[in-house]
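# Report on the structure
So the chains spell out like this:
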Amino acid sequence: MTRASVSLLNAASLILSAACGEPRPAVTSLDLSQGWELRRITLRSAGSEPAAGADQDSLLGADPPAASLSAIGAELDTTRWLPATVPGTVHTDLLAAGVIPDPFHRDHELRLRWIEGEDWSYRTRLPVNPDVLGQERVELVFDGLDTYAEVLIDGEPVLQADNMFRTWRVDVGDRLDGGDHRLEVRFSSPIVAAQPSRDALPYVLPAGNDRSDRPTRPFTRKAAYHYGWDWGPRFVTSGIWRPVRLEGWSGTRIRDVHWVQRSLSDEAAQLAAVVKLESTRAEQVRVRIFSPDEEFPGVSRSVRVGPGASQVELDFSIPSPERWWPNGLGEPHLYSVTAEVRDARRADLRTARLGLRTVEVITQPDSMGESFFVRVNGVPAFMRGANYVPLDHFTPRVGDRRYRQLFQAAREGHMNMLRVWGGGIYEDDLFYDLADEHGILIWQDFMFANGMYPWDDAFVGSVREEAAANVRRLRNHPSLALWCGNNEIEDGWMNWGWQTQLGYSPADSAEVWGGYQRIFRSLLPEVVDSLDPGRFYWPSSPSIGWGHEESLERGDSHYWGVWWGGEPFEVYAEKLPRFASEYGFQSYPALETIEAFTRPEDRRLRSPVMDVHQKHPEGVETILDYMRRDYGEPVDFEDFVYLSQVVQAEGVRIALEAHRRAMPRTMGTLYWQLNDTWPVASWSSLDYYGRWKALHHAARRAFRPLLLSAVVTGDTVRVYGVSDRLEPTSGRLEIVPVDFQEGERGGLGLPVTVAANASTLLSSIARGELLGNADPRRTALSIRLVSDGVVVAENLVYLAGPADLSLPRPTLRFHALGRSGGAYRLEVVSNVLARAVRLRMRGVEGRFEDNDFDLLPGKPRLVSFITDESISDVGERLEATTLAEVLLRAESQAATSGAL
């Protein structure tokens with residue numbers, strides 16, 4: 001079929017549709033995800049050499065089909081085409097074809113470094129589609145190319161791409177005639193392609209976590225974590241990582257809609273739709289804004305457009321608006337709203353969901369220095385949350401289920417903010433849609449982290465296009481709270497010794513710093529101001545390094561005195577920043593997760609395989625150091641994994657409660673980190689498979705909108721009530737001593753009121769008055785707030801440090817109560833106080849709604865195990881570990897066998 005005949009057919013269809021009164025869509029899209037193949041273009045590495053710096057002794061025998069590195073190179077020559085998945089990556093395509101072993105299994109990461117040094121080609125045939133090819137314009141659209149790509153049609157170049165974070169669009173109508181056409185995308189090695197830019201500079205740019213002798217990461221607009229991090233592997237990917245399509249269109253189409261909230265009151269929300277149009281010809285069109293759910297009156301206007309770009313602005317209002325609130329403060333109400341452009345024959349629509357709210361970041365001088373807090377709908381809101389990294393190292397294989405699982409965990413964990421970290425990606429649209437739905441505010445970094453970047457005109461121009469595209473894409477989301485220029489670059493430049501380490505002259509330093517200012521102090525704030533006016537921009541996180549006292553007085557803080565500085569967890573209660581945007585502690589993932597990437601012989605603390613999955617150079621020693629301070633050294637690997645999570649959860653809990661008690665000095669706490677990109681020892685509270693570590697359960701308890709928290713200082717016990725509620729809470733505060741063996745004894749009660757949206761000191765009492773002659777090493781305090789006969793908040797406070805407690809060995813009893821909904825309900829009771837109870841349902845995939853908790857003597861606790869599986873033998877599969885039994889094992893058996 002010729003292009004002329006296609007056009008005639010399309011014209012006849014238009015006449016018929018117009019006669020029937022229904023306009024055709026102005027845009028017809030054809031998905032191009034099928035029929036792709038992949039080929040290796042070069043043989044630079046030939047697969048015969050291990051990664052630079054790899055320890056040959058740790059290159060264990062690989063699982064089939066890759067018996068050796070040389071076999072991989074021999075099997076994959078430059079003539080062999082393999083089936084490919086789009087969206088996808090070279091690594092995952094090679095895995096699916098059986099050419100390489102699972103990159104995450106054992107130490108296979110070390111075998112696969114060669115992939116990053118090769119060039120690769122993807123190809124497919126373009127399907128014949130008259131609905132698309134018959135349009136006046138036909139565009140080839142790539143939502144993401146990773147990274148250096150040449151796109152060819154029938155062997156002729158049509159596009160050159162060099163930025164992973166951009167959408168690439170090219171008009172190809174004059175190259176397609178309805179016949180047989182071949183589409184090819186050739187990817188150059190990101191390492192090789194960046195080398196000329198690196199070599200052109202007379203000095204080396206800092207490139208933290210680029211595990212290479214000659215780092216190239218700063219020169220490539222690509223996810224920084226692909227080059228390695230202290231919690232992630234090095235897999236420098238290539239591929240068509242987001243959808244690709246053909247778009248045919250005629251007449252007038254909508255290119256973009258900016259939904260602008262001009263004012264918001266209880267009576268009405270005044271809004272404007274700024275609609276950007278593109279037309280193939282001059283014509284009269286009608287632009288309409290309306291509610292698909294008929295929640296507000298629509299508006300429309302007839303305008304003359306084109307050819308080319310034009311803009312129409314329509315004002316509209318929503319009477320008696322329902323506001324969008326963050327999780328815990330109210331409902332995140334969303335309005336559906338549609339923009340439509342229509343001529344006599346065609347129509348184009350864009351539908352969005354709007355949340356009506358005001359979000360301000362307040363930085364102004366006060367009696368404590370300078371504030372840093374988020375005000376939502378006029379209410380100062382304490383931010384509870386964590387830092388987010390991509391859900392997978394190979395991001396195209398993250399599906400809807402994993403995104404939904406993540407936001408379910410955040411919402412159930414009482415979070416109201418996630419920080420999208422600058423070493424990852426600008427996330428998928430679904431990520432921000434789910435943030436809108438769940439009431440999770442987003443701190444959005446631009447994608448720059450832990451290094452200095454080039455500032456030549458070509459690089460800066462690419463950054464400008466990247467920033468503008470992503471600001472336009474994300475600015476309509478009510479969850480978007482602020483833009484941040486980068487992660488830790490100012491801190492690194494000022495405090496980490498980069499200039500000395502790399503031998504910079506004063507002139508070098510001035511030049512590199514000037515380039516930094518061009519991007520982060522000029523370009524990015526200009527883009528935000530022009531495209532998303534009113535949204536807060538913050539140049540770099542943190543604003544001041546943690547070694548400076550000023551970092552606690554203004555701005556946001558990454559406090560790493562704990563972990564990097566070796567300080568005790570109790571320091572968190574002393575070093576109180578205005579906004580804690582990063583801090584944390586490592587642990588190992590669940591045993592089920594470790595079992596998924598190891599063989600039995602690998603499950604030793606310092607085995608070569610476990611070392612590959614512990615990326616921090618001092619991670620094992622740091623965990624053991626903190627562990628020995630309070631708990632001693634465990635006898636085997638399984639106890640170490642359990643205890644690492646106990647240490648992490650207890651340490652970060654201290655920070656979470658301290659930060660919340662410090663309101664309004666501290667008004668946000670985002671721990672590092674929420675999740676993982678692969679199975680690894682890390683700072684996360686959710687491991688790669690979404691399994692909750694002890695930390696996530698601890699954070700869930702510490703993030704409850706109503707928190708009781710106690711501080712023991714010398715002989716004084718101070719009890720605070722911390723509330724994120726917008727109304728005060730009154731009730732009876734009960735402080736009850738709990739003997740580890742015998743349970744509750746005595747106690748006192750007093751009427752209290754916890755102020756709204758504040759931290760309130762409820763009681764300050766001498767420890768001796770509460771305990772009498774009781775031994776503080778064998779006694780805890782149960783504190784609870786009872787309102788209208790219901791316990792609305794509770795906590796357990798220990799009166800001695802973990803190393804000094806005398807914990808008895810508990811005996812736990814379980815009673816299965818049957819299945820309700822998607823969960824099995826159980827009752828758990830202990831004869832004595834049981835600390836850090838870890839429940840496990842052996843051989844069943846699921847999770848306990850609550851876990852890693854303390855049990856009071858003789859007091860039953862109801863727990864639910866959530867699973868899609870049917871379990872006939874709950875009692876036989878249920879296992880439990882407690883802190884006391886782990887510590888008693890360590891005491892009774894010398895840890896000299898090397899089991900760890």
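In short, a report on the structure. Just so we're clear, the structure is a prediction, and the values are computed from it rather than from any experiment.

Calculation notes
- Residues numbered from 1 in each chain as written.
- Predicted model: local features only at pLDDT ≥ 70, side-chain atom pairs only at ≥ 80, totals over all residues.
- Heavy atoms only, no water.
- Helix = DSSP H or I, 4+ residues; strand = E, 2+ residues; numbered from the N terminus.
- Rg over C-alpha atoms; globule rule 2.2 N^0.38 Å.
- Buried < 20%, exposed > 50% of the residue type's maximum accessible area, 1.4 Å probe, protein only.
- Pairing = 2+ DSSP bridges.
- Axes fitted to C-alpha atoms, helices over the stretch in contact; angles between N-to-C directions.
- Phe/Tyr/Trp six-rings, centres within 6.5 Å; stacked < 30°, edge-to-face > 60°.
- Lys NZ or Arg CZ within 6 Å of the ring centre and 35° of its normal.
- Core = buried A, V, L, I, M, F, W, Y, C linked by side-chain atoms within 4.5 Å.
- Contact = heavy atoms within 4.5 Å.
- Polar contact = N/O pair within 3.5 Å; in protein donor to acceptor, adjacent residues only side chain to side chain.

## Looking at the overall build of the protein
- The helix and strand tally for the protein stands at 19 helices and 48 strands.
- Whereas a compact globule of 900 residues would reach a radius of gyration of roughly 29 Å, the protein reaches 30 Å, a difference of no more than 12%.
- Its C-alpha atoms give the protein principal-axis dimensions of about 95 × 70 × 70 Å.
- Taken across its 900 residues, the protein has 60% of its residues classed as buried.

## Comments concerning the sheet that holds strand 35 (residues 716–723)
- Ordered in space as 34-35-39, the 3 strands form an open sheet in which the pairing is antiparallel. For this open sheet the edge positions go to strand 34 (706–713) and strand 39 (758–766), each flanked by a neighbour on one side alone. The mean angle between the axes of side-by-side strands here comes to 20°, regardless of whether they run parallel or antiparallel.
- Note: strand 35 against strand 39, 8 bridges, orientation antiparallel.

## Topic: the sheet that holds strand 44 (residues 834–841)
- If you trace the 3 strands from one edge of the open sheet to the other, you get 46-44-48, paired in antiparallel fashion. At either margin of the open sheet sits one strand with a lone partner, and together these are strand 46 (853–855) and strand 48 (878–881). Adjacent strand axes in the sheet meet at a mean angle of 45°, parallel and antiparallel pairs treated alike.
- Sheet topology places strand 44 next to strand 46; 2 bridges connect them, and they run antiparallel. The partner of Val-837 across the bridge, within strand 46, is Phe-853.

## Re the packing of aromatic side chains
- For the structure on display, the rule yields 49 aromatic pairs.
- Note on Trp-496 and Trp-498: the rings are 5.7 Å apart at their centroids and 90° apart in plane angle, and the pair reads as edge-to-face.
- Among the residues examined, Trp-496 registers a relative accessible area of 33% and is labelled partly exposed.
- Taking 4.7 Å as the distance between ring centres and 40° as the angle between the ring planes, the aromatic pair formed by Tyr-516 and Phe-520 counts as tilted. Of the two residues, Tyr-516 and Phe-520 both sit in helix 11 (residues 506–531), 4 residues apart, roughly one turn of that helix. As far as the burial class goes, Tyr-516 and Phe-520 line up, both buried.
- An aromatic cluster is built from Tyr-203, Phe-448, Tyr-453, Phe-459, Trp-493, Tyr-504, Trp-513, Tyr-516 and Phe-520, whose rings are joined through pairwise contacts.
- Positioned over the ring face of Phe-448 is Arg-221, at 4.0 Å from the centre of the ring.

## With respect to the nonpolar core
- Of all hydrophobic cores here, the largest spans 129 residues; its most connected members are Phe-446 and Tyr-671.
- In terms of residue count, the dominant contributor to this core is helix 15 (residues 637–661) (12 residues).
- Contact partners of Tyr-671, with chain neighbours within four places excluded, come to Gly-385, Ala-386, Asn-387, Met-415, Tyr-583, Val-652, Leu-656, Ser-685, Leu-695, His-696, Ala-699 and Phe-703.
- Counting 48 residues, the second-largest nonpolar core is a separate cluster that includes Val-138, Phe-142, Ile-240 and Val-680.

## Comments concerning the side chain of Arg-847
- With respect to the helices, strands and loops of the structure, Arg-847 is situated in strand 45 (residues 847–848).
- Within the local environment of Arg-847, its side chain forms a polar contact with the side chain of Glu-412, the two groups lying 2.4 Å apart.
- In this structure Arg-847 touches Glu-412, Trp-692, Ser-864, Phe-865 and Ile-866, once residues within four positions along its chain are discounted.

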